[in-house]
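Breakdown of the fold
Take a look at the letters that make up each chain.
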Amino acid sequence: MTSFVERDLQITFNNVKSAQKIDGPSHMLGHCMKAVDFVVELPNCYLYVEFKDPQDPESTDERRQEFVSRFLSGQLDRDFVYKYRDSFLYEWASGKADKPIRYFVLIALDSLDSAALLRRTDALKRQLPLDGPKSNSWTRPIVEGCEVFNIDKWNSHFSDYPIIRLSSHTTPAGGTP
């Protein structure tokens, strides 16, 4: 079991070969390459996971509204694409992109409905690209699949990798949660 805290969110990876946070000082190329937050190795694939938390208790209403507007309009799609591509290149150059890769973006915002998540997932699939060139000149895809989630949808799909909001899980005085 490996747990990571990203601001007000905690994710726990159970039953995985390895899990690492790569968006940080250990990346060593942050000055020229973007990175997803986590790379998780499973027996048959890798998961690349990006977190965005506009509902963080430290975020202002103005920042939250600006993020939601940019997200829903697709203005953040390019950033998500670059995070994936740069992470793929970094891991490939390290000899670690030797299995299929699935890319997941978590938008920790309760108000996102299934339709909005599906629209952003479809846009991301088009921009990565999932299928490569029409000429079929690639011998393998650069990404096997991708999806955009909110916390509820994530937790219903990935029970082995639960996400909790830390500010919602406080310990009462003198007791356990």
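The structure presented is a predicted model; accordingly, all values stated were derived computationally and were not measured. (Residues numbered from 1 in each chain as written. Predicted model: local features only at pLDDT ≥ 70, side-chain atom pairs only at ≥ 80, totals over all residues. Heavy atoms only, no water.)

Let's shift gears to the overall build of the protein. On a plain count of helices and strands, the protein comes out with four helices and eight strands. Secondary structure elements of the protein, listed N to C terminal, follow the sequence β-β-β-β-β-α-α-β-α-β-α-β. Relative to the globule expectation of 16 Å for 177 residues, the C-alpha radius of gyration of the protein, 17 Å, shows essentially globular dimensions. Of all 177 residues assigned to the protein, the portion counted as buried reaches 45%. Residue pairs in contact within the protein that sit at least 24 positions apart in sequence constitute 68% of those at least 6 positions apart. Carbon and sulfur atoms make up 51% of the accessible area of the protein, which amounts to about 9,700 Å² in all. (Helix = DSSP H or I, 4+ residues; strand = E, 2+ residues; numbered from the N terminus. Rg over C-alpha atoms; globule rule 2.2 N^0.38 Å. Buried < 20%, exposed > 50% of the residue type's maximum accessible area, 1.4 Å probe, protein only. Contact = heavy atoms within 4.5 Å. Areas by Shrake-Rupley, 256 points an atom, 1.4 Å probe, with all protein chains shown as cover.)

Pairing between the strands of a sheet is mediated by backbone hydrogen bonds and can be parallel or antiparallel. Taken in spatial order, the three strands line up as β1-β2-β8 in an open sheet, and their pairing is antiparallel. Looking at which strands have only one partner, the edges of the open sheet turn out to be β1 (2-6) and β8 (163-165). Within this sheet the neighbouring strands show an average axis-to-axis angle of 20°, counted without direction. (Pairing = 2+ DSSP bridges. Axes fitted to C-alpha atoms, helices over the stretch in contact; angles between N-to-C directions.)

A separate point is the confidence of the model for the protein. Per-residue confidence for the protein gives a mean pLDDT of 89; residues scoring 70 or more make up 92%. Within the protein, strand β6 (residues 101-107) carries the highest mean pLDDT (97), whereas β1 carries the lowest (91). Ignoring residues within four places in sequence, the model shows residues 171-177, a span with pLDDT below 50, making four contacts including any to other chains. (pLDDT = per-residue confidence, 0-100.)

Now for the side chain of Asp56. With respect to the helices and strands, Asp56 occurs in the loop between β5 (46-52) and α1 (61-73). Residue classification places Asp56 among the buried residues on the basis of a relative accessible area of 4%.

Take the packing of aromatic side chains next. The tally for this structure, following the rule as stated, stands at 16 aromatic pairs. The interplanar angle of 35° and the centroid separation of 5.1 Å between the aromatic rings of Phe4 and Phe38 together place this pair among those described as tilted. Pair noted here: Phe4 is in strand β1 and Phe38 is in strand β4 (residues 38-41), with a separation of 34 residues, a long-range link. Exposure class is identical for Phe4 and Phe38. Each is buried. Their ring planes at 35° and their centres at 5.9 Å tell us that Phe158 and Tyr161 sit as a pair that is tilted. On the basis of relative accessible area, Tyr161 is assigned to the buried category, the value being 9%. Members of the aromatic cluster, connected to one another through ring pairs, are Phe4, Phe13, Phe38, Phe51, Phe104, Phe149, Trp154, Phe158 and Tyr161. The residue whose ring lies beneath Lys99 is Tyr46, and the NZ or CZ to ring-centre distance is 5.4 Å. (Phe/Tyr/Trp six-rings, centres within 6.5 Å; stacked < 30°, edge-to-face > 60°. Lys NZ or Arg CZ within 6 Å of the ring centre and 35° of its normal.)

Attention now moves to helix α2 (residues 77-93). Along its 17 residues, α2 runs 24 Å from first to last C-alpha, staying within 8% of the 24 Å computed at 1.5 Å per residue. Looking at α2, one finds that the buried residues are Asp77, Phe80, Val81, Lys83, Tyr84, Asp86, Ser87, Phe88, Tyr90 and Glu91. The inward-facing, buried residues of α2 abut β3 (18-21), β4, β5, α1, β6 and α3 (114-127). Gly95 occupies a position one or two residues after α2 and carries a positive phi of about 75°. (Expected span 1.5 Å × (residues − 1).)

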